[in-house]
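One-letter residues, chain by chain:
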Amino acid sequence: MTRSHGWLVRTLLVLGAVLAALGLVAGHANRTVLDGPTFVDDVEAVRRDDAVSTQVGLAIATELIASNPDLVALAPLVQAVSIRVAGGELLERPTRRAASTVHTALTEEDADSVVLRIVDLGAVVSGVLGAVAPDRAPAASDVSVTLASIGSQSFASTTLLVTRIVGLLAWLLPALALVCLLGAVFASPDRWRAAVSAGWALVWAAGAVGLVLVVGGFLVRRLDTDTLGGAVGQASWRVFVRPLWWGVLALATVGVATVITCGSAVPGTLRARTARARAVLVRRPTSTLGVVVRAVVIGLVGLAAISDPIGMVELTVFVVGIGLTLFALAEVAAFADAARARRPVLAAEPASGRAGTRPAVWIALGAVGGLAVIGVFALARPAQDADAVVDPAADQRCNGHVELCDRTFDDVAYVASHNAMSVAREPGWFLAEQLDPIPEQLDQGVRALLVDVWSGRSAASVVRTAPSSYAEALAVTEAELGPDVVAAAARIAESVAGVPEGPEARHMCHGLCETGSTPFLETLQQLRNWLAANPDEVVTLFIEDHVDSSLIASDVESAGLVPYIHQPVAGAPWPTLGEMVASGQRLVVMVEEGGDVPDAPWLVNGFEFTQDTPYTFPTVESFSCDPNRGRPDAPLFLLNHWLSGFSALVTDAQHINTAEVLLARAERCRDERGQIPNFVAVNFVVFGDVQAVVDTLNGVT
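Now for a look at the structure at hand.

Analysis parameters
- Residues numbered from 1 in each chain as written.
- Predicted model: local features only at pLDDT ≥ 70, side-chain atom pairs only at ≥ 80, totals over all residues.
- Heavy atoms only, no water.
- Helix = DSSP H or I, 4+ residues; strand = E, 2+ residues; numbered from the N terminus.
- Buried < 20%, exposed > 50% of the residue type's maximum accessible area, 1.4 Å probe, protein only.
- Contact = heavy atoms within 4.5 Å.
- Areas by Shrake-Rupley, 256 points an atom, 1.4 Å probe, with all protein chains shown as cover.
- Disulfide = S-S within 2.5 Å.
- Polar contact = N/O pair within 3.5 Å; in protein donor to acceptor, adjacent residues only side chain to side chain.
- Core = buried A, V, L, I, M, F, W, Y, C linked by side-chain atoms within 4.5 Å.
- Pairing = 2+ DSSP bridges.
- Axes fitted to C-alpha atoms, helices over the stretch in contact; angles between N-to-C directions.
- Parallel < 35°, antiparallel > 145°, perpendicular 65-115°, else oblique.
- Left-handed = near helix turned anticlockwise from the far one by under 90°.
- Nonpolar A, V, L, I, M, F, W, Y, C, P; charged D, E, K, R; others polar.
- Lys, Arg positive; Asp, Glu negative; His and termini not counted.
- Salt bridge = Lys/Arg side-chain N within 4 Å of Asp/Glu carboxyl O.

1. Looking at the overall build of the protein
Right, so step 1: Within the protein one finds 23 helices and 13 strands.
Right, so step 2: Looking at the protein as a whole, 47% of its 701 residues are labelled buried.
Right, so step 3: Restricting to contacts in the protein with at least 6 residues of sequence separation, those with at least 24 account for 75%.
Right, so step 4: By element, 61% of the accessible surface of the protein is carried by carbon and sulfur atoms, the whole surface being about 34,000 Å².

Below, the structure is given as structure tokens:
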């Protein structure tokens, strides 16, 4: 074969392989995207994926709660129903309608939308909630969830052009690939050998597409399925893209069949080609560069196996498939050659070769370099000490104000969050009474945390109330939340709970921990870190204790909070905020029932130091300043300012937390009781004018 002929044949073979690979992808896209029924079925399969339905359900719940704020009280129920609806039969028709609309946008001239959005969700979920909880059913809302935005009206014509090109390429590229490969065969003087090469071209084309699938799968698995985009991305890859492996298998099969069929007609060709390919995969390189490249590749594969073991299964199957194919071809080639020469098959002699110049040195250098890179990444983030000393500013502030530093602790008002642990933005809380977790409440200005502590045991995604506390917790929860809410919480807990594991631990719950819980020790550790990062702030932790005081003291000690605690003494004057900040003892810890722990004298009974108001007011008009708990001469005053009942928690807080209502009551209670309301306790501290009211009571701006 002349040099010009060889160049032409090789060019046609490479071009044919590239066109075959692109044609395989275009044909798959044409079948899965441009075929209407298939596209609609695939979108429906994506929607039913567990991760996608969970994120769609959470998005529905968020929209419903945003349009009906008082539904935050039933957030877990709304979320559970929304997730169930999102993955069930009720959304099949809206999903198929949305997918059909998108398909129309992709394939028709007059389309004006290329956004995959499921509508009617609000009406569907509202209807289900109405059946589950008739007394709390929200009004039907206009809620939709966008699964994917794949264009806009402004470039709909471009999208249409691309889809038409894909439809054209789906048949044109395979035809051109066939022309190129046949051209290579007919342009070669040795057509049988060229046909074998054409078969190998198809095998390599299939291998290239397979490699892209492996890399793409690795990247897609990096997506965060806790977001709607990540969940849809992973599910779309599995539904739309992964079936392309069948096309890869088909193309590789055609290539292998061509190699075997045509290679058997050329003595030695098939065996030589397969032996050469097999040697490339398994033989030790003979050059320095080859040794280094192989070491790097093997190292990268090892790191990939550590970081993505599931993805490596796919890669391993792919590589093993290539190896088995080469082995099978080699066996066929050996048999054909042996039959032709009428001699027994001889075992292949091992390839020999001279090792490259000092390959061990290069491998060692590569390994050391790789370990150095890993070490740099591992040590890149410096450790931070939560107790690092912070230099005080020249003009010291106490709880944000210079003026407060000279005031005693009992002469200052503080924003207090009622049931601070029951958080709407944390999963599992029924009838939450705050919006954000405790660390964020502290950042928002809360300086007194009112929490309830019970014993429970973790069971999968919920906490089970400890048997020793269950009867009391059930009575408290049913009295405050009602039997219907408790029953709904129990049903949801039963559906997701596993077997309780480990010993009992303290959790912050509002009665039954099945209606919502937050780990007590973990929150105490967060409080310690916050105090360390905010050295000029004084905080109070007031605990409604339903466990032994010694257990609470143990958790406080384990969290490292004891150095921060100020120990009040009955009858003794309170220090100023400035003195508390200077000493570092800026935390007051009180319990409602217990105290008197010999090893923890700093854990005091709160109502020996605090007096409060009633806390079961049905209307604004019923607010009073009457004495309730605590001694009449107690130095601290807790103002309980929320409405009883849970049907309108958010809208109630938005109204009664305004200065018009809250400041008027606080000033009235100050005048009637003869002392400043120290702890102004409200639901949903982020609503209304709570901080402004406290500043007014303190006489600061």
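2. Overview of the state of the cysteines
Right, so step 1: Using the criterion set out here, one finds three disulfides in the structure.
Right, so step 2: For C398, the disulfide goes to C405, at an S-S distance of 2.1 Å. Measuring handedness by torsion sign, the sulfur bridge of C398 and C405 sits at about 105 degrees and is right-handed. This pair shows no difference in class: C398 is buried, exactly as C405 is.
Right, so step 3: A disulfide bridge connects C625 with C669, and the sulfur atoms are separated by 2.0 Å.

3. A short note on the side chain of N605
Right, so step 1: Among the structural elements, N605 can be located in strand β10 (residues 604-605).
Right, so step 2: Engagement of the side chain of N605 in a polar contact is seen with the backbone oxygen of E593, the distance being 3.2 Å.
Right, so step 3: In this structure, N605 is in contact with V591, E592, E593 and G594, ignoring residues within four places of it in sequence.

4. Some words on the nonpolar core
Right, so step 1: Core analysis: the largest hydrophobic core is formed by 88 residues, its most contacted members being V451, I543, L561, L587 and L603.
Right, so step 2: Residues in contact with L603, not counting those within four places in the same chain, are S549, I552, A553, V589, V591, G595, D596 and V597.
Right, so step 3: Among the nonpolar cores identified, the runner-up in size contains 36 residues, and A17, V209, L244 and V256 belong to it.

5. Description of the pairing of strand β8 (residues 539-545)
Right, so step 1: Counting buried positions over the seven residues of β8 gives six, a clear majority of the element.
Right, so step 2: The sheet contact formed by strand β4 (residues 448-459) and β8 spans six bridges and is parallel. Pairing of V451 across the sheet is with I543, part of β8.
Right, so step 3: Pairing geometry for β8 and strand β9 (residues 587-591), over five bridges, is parallel. Across the sheet, T540 pairs through a bridge with V588, a residue of β9.

6. Regarding the pairing of strand β5 (residues 462-465)
Right, so step 1: Neither face of β5 is left uncovered, since the one carrying V462 and R464 and the one carrying V463 and T465 both have all their residues buried.
Right, so step 2: When β4 meets β5, the two strands line up antiparallel, connected through four bridges. In the strand pairing of β5, A459 is matched with V462.

7. Side note on the packing of helix α3 (residues 50-67) against helix α9 (residues 228-241)
Right, so step 1: The contact between α3 and α9 brings their axes to 8 Å, and the two run at 155 degrees. Classified by the angle their axes make, α3 and α9 are roughly antiparallel. Considering how the two elements wind past one another, α3 and α9 form a crossing that is left-handed. Across the interface between the two elements, A51, V52, Q55 and V56 of α3 pack against L228, A231, V232 and A235 of α9.
Right, so step 2: Here the contact of α3 with α9 is composed, by residue class, of seven nonpolar, one polar and no charged.

8. Observations regarding unusual backbone geometry
Right, so step 1: Within the chain, N399 stands out as a residue other than glycine whose phi angle is a positive 50 degrees.
Right, so step 2: With respect to the helices and strands, the residue N399 is situated in the loop between α14 (359-378) and β3 (414-417).
Right, so step 3: The backbone of N419 sits at a positive phi, close to 50 degrees, despite the residue not being glycine.

9. Considering the side chain of D545
Right, so step 1: Among the secondary structure elements, D545 is positioned in strand β8.
Right, so step 2: R629 provides the closest opposite charge to the buried, unpaired D545, separated from it by 8.9 Å.
Right, so step 3: Leaving out residues up to four positions away in the same chain, D545 has contacts with V453, I552, V591, E592, E593 and G594.

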